[in-house]
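Single-letter residue listing:
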Amino acid sequence: MSAGACLLVGWFAVVNGWHLTGLVLSAAALHELGHLAALRLLGGAVTALRISVFGAELAAEGGQLSYGRELAAVLAGPLTNLLAGLALARLGYPAAAGAHLVLCAFNLLPVRPLDGGRALYLAAAWAAGPAAGEALCRWIGGCAALSLATVLAWVMVRSGGSLWLLPAAVGLAMAGGRELLCENGKFL
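Attention here is on the structure that accompanies the text. All values reported here derive from a predicted model rather than from experimental measurement. The numbering scheme is per chain: residues are counted from 1 as the chain's sequence reads. Restriction of local features to residues with pLDDT of at least 70 applies here, the model being predicted, together with a cutoff of 80 or more for giving and counting side-chain atom pairs; totals for whole chains, interfaces and linings are based on all residues. No hydrogens and no water enter the side-chain calculation; it runs on all heavy atoms of the structure.

The next thing to look at is the pairing of strand β1 (residues 46-52). What makes two strands pair is DSSP finding at least two bridges between them. Numbering of helices and strands runs from the N terminus; a helix is a DSSP stretch of H or I covering at least four residues, while a strand is a stretch of E covering at least two. Here six bridges tie β1 to strand β2 (residues 55-60), and the two strands are oriented antiparallel to one another. Bridge pairing links Arg50 to Glu57 in β2. Counted between consecutive antiparallel strands, the loop separating β1 from β2 contains two residues.

Before going further, it helps to spend a moment on the side chain of Glu179. Locating Glu179 in the fold gives a position in helix α6 (residues 166-181). Within 3.5 Å is the distance limit for a polar contact, defined as a pair of N or O atoms, with the added protein rule that one can donate a hydrogen and the other accept it, and that residues adjacent in sequence qualify only through two side-chain atoms. Side-chain polar atoms of Glu179 contact the side chain of Arg112, separated by 2.7 Å. Those residues in contact with Glu179 that sit more than four places away from it in its chain are Arg112, Arg138, Gly141 and Gly142. In what follows, residue pairs with any heavy atoms lying within 4.5 Å of each other are defined as contacts.

With that settled, the discussion passes to helix α2 (residues 67-90). An α-helical segment advances 3.6 residues per turn. Residues three or four places apart therefore align on the same side. For a helix, the expected span equals 1.5 Å multiplied by the residue count minus one. In this model, α2 (24 residues) spans 34 Å end to end at C-alpha, consistent with the 34 Å of a helix rising 1.5 Å per residue. The reported bend at a residue is simply the angle between two axes, fitted to the 7 residues ending at it and to the 7 residues beginning with it. Its maximal kink placed at Ala76, α2 deviates by approximately 35°, while the proline Pro78 follows within four residues. When α2 is considered as a whole, its buried residues turn out to be Leu71, Ala73, Val74, Ala76, Gly77, Pro78, Asn81, Ala84 and Gly85. Elements in contact with the buried residues of α2: α1 (3-41), α3 (94-107) and α4 (115-128). Count one or two residues on from α2 and you reach Gly92, which has phi positive near 90°. Using a 1.4 Å probe on the protein chains alone, a residue whose accessible area is under 20% of its type maximum counts as buried, one over 50% counts as exposed, and one in between counts as partly exposed.

Moving on, we get to a nonpolar patch on the surface. Like-charged residues are merged into a patch within 9 Å and nonpolar side chains (Val, Leu, Ile, Met, Phe, Trp, Tyr) within 5 Å, provided each residue has over 30% relative accessible area and no salt bridge. Note on areas: these come from Shrake-Rupley sampling with a 1.4 Å probe, and a residue is covered only by the protein chains present in the view. Any Lys or Arg side-chain nitrogen located within 4 Å of an Asp or Glu carboxyl oxygen qualifies as a salt bridge. Judged by side-chain polarity, Trp11, Val14, Val15, Val53, Phe54, Leu163, Leu166, Val170 and Met174 come together as a nonpolar surface patch covering roughly 810 Å² of accessible area. When contributions to the nonpolar patch are tallied by element, the ones reaching two or more residues are α1 and α6. Inspection of the secondary structure assignment puts Trp11 in helix α1. Since its relative accessible area comes to 33%, Trp11 is described here as partly exposed.

As structure tokens, then:
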């Protein structure tokens, strides 16, 4: 777990209280358990868990799963949050339901390293090959990330400077720039 992630969780807890922090962290843990369960069911092996300011990532051994199986494992996290959010809403727990549904929606954005960006790559690579998948993912992901970062910056200005949007705006701007300006870690 990175120091930045610890600072962000602490800051969130100070501003919003430990109750909401616990709801968000439990939604994130259930999300990762959804990925883990799917990977195990589909024959994948997890080698590491990384937690940074921009979320958690399970590292799996490469080349073990087909595109379809890996796509199912990638979408299992958001699906877990969707189902939990709907169940919690039905049971009358709106704050917990909201944490799950927001996490689901955010993770489905078509931006790498989020699940939506990974799913976009896998679906395109499965349909048209890895090179086409990479090109499509870089273009759509880069444009989506920069567009969303711009919208978040606009909202921050219009709302008087909501700092809660700053990590997402910066992360999306960095992801968009990386997708559109870099290939294999080098500037185009």
